[in-house]
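# Structural description and commentary
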Amino acid sequence: MQNAAGTAFLADCPTRLAVEILSDKWTVLVLFGLSHQPRRHGELVDLIGGISRKVLTQTLRRLQQYGLVERRAEAPRRVVYSLTDLGATLVEPIDVLTNWARDHGGAIVDFQEAAGTGSAARRTAG
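Scope of this entry: the structure provided in the associated data block. (Residues numbered from 1 in each chain as written. Predicted model: local features only at pLDDT ≥ 70, side-chain atom pairs only at ≥ 80, totals over all residues. Heavy atoms only, no water.)

## Section: the nonpolar core
Stated precisely, the cut-off is as follows: Throughout this description, the term nonpolar core refers to a set of buried Ala, Val, Leu, Ile, Met, Phe, Trp, Tyr and Cys residues connected via side-chain atoms within 4.5 Å. Accessible area is worked out with a 1.4 Å probe on protein chains only. A residue is then buried under 20% of its type maximum, exposed over 50%, and partly exposed in between. Between two residues, a contact is recorded if the distance between any of their heavy atoms is within 4.5 Å.
Counting 21 residues, the largest nonpolar core has V30, L31, L34, L56, L60, L63 and V69 as its most contacted members. Beyond its immediate stretch of four places on either side in the chain, L34 contacts R39, L44, L60, V69, Y81, S82 and L83.

## Comments concerning helix 7 (residues 91-115)
To keep things clear, this is the line we draw: Numbered from the N terminus, helices here are DSSP runs of H or I no shorter than four residues, and strands are runs of E no shorter than two. Under the convention used throughout, the expected extent of a helix is 1.5 Å for every residue step, that is, one less than its residue count. The angle between axes fitted to the seven residues ending at a residue and the seven residues starting there is what we call the bend at that residue.
Between its first and last C-alpha atoms helix 7 spans 34 Å; for 25 residues at 1.5 Å apiece the expected length is 36 Å, and the two agree. The largest bend in helix 7 comes to about 50 degrees, at H104. For helix 7, the set of buried residues is V91, I94 and T98. Of the surrounding elements, those touching the buried residues of helix 7 are helix 3 (27-33), strand 3 (78-83) and helix 6 (85-88). In the stretch just after helix 7, G116 is the one whose phi turns positive, near 80 degrees.

## Observations regarding the pattern of salt bridges
Note the following rule: The term salt bridge refers to a side-chain nitrogen of Lys or Arg lying within 4 Å of a carboxyl oxygen of Asp or Glu.
This structure, assessed with the given rule, holds four salt bridges. Here E74 ties to R72 by a salt bridge, and the two come within 3.3 Å at their closest N and O atoms. One continuous salt-bridge network, built from bridges that share partners, spans E70, R72, E74 and R78.

## Concerning the side chain of S35
Stated precisely, the cut-off is as follows: Counting of polar contacts relies on pairs of N or O atoms within 3.5 Å, with two restrictions inside protein: one atom must be capable of donating a hydrogen and the other of accepting it, and residues adjacent in sequence are counted only when both atoms are side-chain atoms.
Counting through the fold element by element, S35 comes out in the loop between helix 3 and strand 1 (39-40). The class for S35 is buried, based on a relative accessible area of 19%. Separated by 2.7 Å, the side chain of S35 and the backbone oxygen of F32 make a polar contact.

## Section: the pairing of strand 3
The test is simple: At least two bridges found by DSSP between two strands are what make those strands a pair.
Taken across its six residues, strand 3 has five buried, putting it largely inside the fold. For strand 1 and strand 3, the ladder comprises two bridges, and the chain directions are antiparallel. Opposite R39, over in strand 3, you have Y81 as the bridge partner. Of the strand pairs in this sheet, strand 2 (residues 69-75) and strand 3 are connected by six bridges, and their pairing is antiparallel. Considered in strand 3, the bridge of E70 is made with S82. In textbook terms, the turn of a hairpin is the stretch between consecutive antiparallel strands, and for strand 2 and strand 3 this stretch comprises two residues, one of which, R77, has a positive phi near 70 degrees.

## Considerations on the sheet that holds strand 3
Consider a sheet: its strands pair through backbone hydrogen bonds, and that pairing is either parallel or antiparallel. How we decide: As a rule, the C-alpha atoms of each element are fitted with a line to give its axis, helices using only the stretch in contact, and angles between N-to-C directions run from 0 to 180 degrees.
Strand order across the open sheet formed by three strands is 1-3-2, with antiparallel pairing between neighbours. Unpaired on one side and paired on the other, strand 1 and strand 2 mark the two borders of the sheet. Packing against the sheet, helix 5 (residues 53-65) makes contact with strand 2 and strand 3, and its axis sits at approximately 110 degrees to strand 2.

## Some remarks on the environment of Q37
Relative to the assigned elements, Q37 resides in the loop between helix 3 and strand 1. Residue Q37 is classed as partly exposed on the basis of its relative accessible area, which comes to 37%. Between the C-alpha atom of Q37 and that of Y81, which follows or precedes it by 44 residues, the distance is 8.9 Å.

This is the structure in structure tokens:
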């Protein structure tokens, strides 16, 4: 078992690629936004507070390159994004992370405020 855990530290381990993909600031939010239904670009911008159109486009393109998101042109000027079968496999882990954040996010904010880092952390996160 120890050997299996150690492989995540190797440079060519698939775990590193997964962490690299998911550690992007917007990736989890975009995947979560697509988890219940396909959406248009503008819908995602409205859904995900604080993301610019340019950054959303870059994030969607990167997720397409990884095979997690599909882009479909349904009509001229109507493009819809949805999760691929592979992308849909991330819905459950994202739900777990979302539930953890709902349950424990307040404790993190409380800790930051007690440590005097709360307002600085929120400014850099936005």
